[in-house]
Amino acid sequence: YLLYNAAVKIRVQNNDGIVFHAKKISRPRTVVSGLISKELGSIIFTPDYAFQYISVAAILPVMVYLCMGLGESLLAQLLHLEMNFEIALLLTVLFGSLTNTFCAINISREGRSFYMQKTLPIRYSKMLGVKIGLNFVVTMLSVGISTLVITLQGFIEPMEAVFVFAVGIILGLAQICFATR
């Protein structure tokens, strides 16, 4: 101990710097980042919800692609019509609503914990905003991948894909907000 103090005094007197480095004080987390980590933790560490969250979002592009091919050939053979844009829009909105099925249990899956959180000095809108935001990110990714897949396969044109994507995420956000209310 005495040798250490002597060494520190000598280094300070010679302006060699200090032997140890002060720890950087971490910045306190914001309320939103805390709510996001809580929401992600409740989803990831609950196997049923994690499976539902990931599998439904991942299967959406596959369902849209398979049904797009079937719908295109069905309409071409039976009715001699080419309605790829309309089919793409219908399938993206239809199967996009399946992605939002886990939004209905946003509040009920937490049980009494949600009502205890309401007593915290956090605005209710922030709590719901985080829930809506995380669900919207998943919906946006799955609708975006679906639109990209059917565009790259040549079913629709790029400008039509932008419209399908916009309609898909707007209706997806509306469904999320309605289910989370």
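Preceding this paragraph is the structure being described.
Cut-offs used in this document
Residues numbered from 1 in each chain as written. Predicted model: local features only at pLDDT ≥ 70, side-chain atom pairs only at ≥ 80, totals over all residues. Heavy atoms only, no water. Helix = DSSP H or I, 4+ residues; strand = E, 2+ residues; numbered from the N terminus. Contact = heavy atoms within 4.5 Å. Axes fitted to C-alpha atoms, helices over the stretch in contact; angles between N-to-C directions. Parallel < 35°, antiparallel > 145°, perpendicular 65-115°, else oblique. Left-handed = near helix turned anticlockwise from the far one by under 90°. Nonpolar A, V, L, I, M, F, W, Y, C, P; charged D, E, K, R; others polar. Expected span 1.5 Å × (residues − 1). Buried < 20%, exposed > 50% of the residue type's maximum accessible area, 1.4 Å probe, protein only.

**A short note on the overall build of the protein chain**
1) Next: Regarding its fold elements, the protein chain presents seven helices and zero strands.
2) Next: Seen in sequence order, the protein chain has helices and strands lined up from the N terminus as α-α-α-α-α-α-α.
3) Next: Of the contacts formed within the protein chain by residues at least 6 apart in sequence, a portion of 72% connects residues at least 24 apart.

**Here we look at the packing of helix H2 (residues 31-44) against helix H6 (residues 124-152)**
Relative orientation and spacing of two packed helices are given, respectively, by the angle between their axes and the distance between those axes.
1) Next: Contact geometry for H2 and H6: axes closest at 10 Å, N-to-C directions at 55 degrees. It follows that H2 is oblique to H6 by the angle criterion. Regarding H2 and H6, the two cross each other, and that crossing is right-handed. Together, Val31, Val32, Leu35, Ile36, Lys38, Glu39 and Leu40 of H2 and Lys126, Met127, Val130, Lys131 and Leu134 of H6 make up the contact between the two elements.
2) Next: Within the contact of H2 with H6, the residues separate by chemical class into eight nonpolar, no polar and four charged.

**Here's the deal with helix H7 (residues 158-180)**
1) Next: Between its first and last C-alpha, H7 extends 32 Å over 23 residues, near the 33 Å set by a 1.5 Å rise per residue.
2) Next: Restricting attention to buried positions, one finds in H7 the residues Ala161, Val164, Gly168, Ile169, Gly172, Ile176 and Thr180.
3) Next: The inward-facing, buried residues of H7 abut helix H4 (84-99) and H6.

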